[in-house]
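Chain and residue survey
What follows is the residue order along each chain.
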Amino acid sequence: MDNLRSVWAGWSDSPLSNHGMNQARALGESFADTHLTIIYTSPLKRAQMTATALRDAQSEPKPPLVVSPLLKEQHFGAAEGRAWSIRQDPSRTLEEHFANGQYPVLVRSESEVPGRRESE
């Protein structure tokens, strides 16, 4: 659901939208003839919903789902749950954007959102 709102989702635990569920079912259908022995997923709702749709399309015996926090998406720090923008005002520093509650897409690998975490 966060993708529909154009916000940084990261560790935010939101479910899939209807469109996301349709995509997850389509993924499951595309793998229905591929026998999977195990499916790994993060503990986030959207990942588990996708993994379940994948598993549901498998024939018996269904593969087990293994949940691991190591598979979580990256954490976006202060930007978590806040709107993202494609464009950054070139006359302002990244820190000035953050101070004003604006979280542009970071295009340089050395750029980082304040408060970003690697793991829980």
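As a starting point, this report considers the structure included with it.

Rules used in this analysis
Note that residues are indexed from 1 along each chain, following the sequence as it is written. Restriction of local features to residues with pLDDT of at least 70 applies here, the model being predicted, together with a cutoff of 80 or more for giving and counting side-chain atom pairs; totals for whole chains, interfaces and linings are based on all residues. Just so you know, side-chain values use all the structure's heavy atoms and leave hydrogens and water out. A run of DSSP states H or I qualifies as a helix once it reaches four residues; a run of E qualifies as a strand once it reaches two. Both are numbered from the N-terminal end. Accessibility here uses a 1.4 Å probe with only protein chains present; expressed as a share of the type maximum, an area under 20% marks a residue as buried, one over 50% as exposed, and anything in between as partly exposed. Any two residues having at least one pair of non-hydrogen atoms within 4.5 Å are treated as being in contact. Surface accessibility in these figures is a Shrake-Rupley result with a 1.4 Å probe; residues are shielded only by whichever protein chains are displayed. A helix is expected to reach a length of 1.5 Å times the quantity of its residues less one. What the arc covers is the set of directions going from the helix axis to the C-beta atoms.

Regarding its fold elements, the protein chain presents four helices and four strands. Order of helices (α) and strands (β) in the protein chain, N terminus to C terminus: α-α-β-α-β-β-α-β. Scored against the burial criterion, the 120 residues of the protein chain give a buried share of 32%. For the protein chain, restricting intrachain contacts to residue pairs at least 6 apart in sequence, the fraction spanning at least 24 positions comes to 65%. Of the roughly 7800 Å² of accessible surface on the protein chain, 53% is carried by carbon and sulfur atoms.

With twelve residues, helix 3 (residues 45–56) should reach 16 Å at 1.5 Å per residue; the first-to-last C-alpha distance of 16 Å fits that figure. Along helix 3, the positions that sit buried rather than exposed are R46, A51, A53 and L54. The buried residues of helix 3 occupy an angular sector of 160° when projected down its axis, which confines them to one face.

All right, on to the environment of A47 then. Tracing the backbone shows A47 in helix 3. Separated by 26 residues in sequence, A47 and E73 have C-alpha atoms that sit 9.6 Å apart. Dropping the residues within four chain positions of it, A47 is found in contact with T41 and S42.

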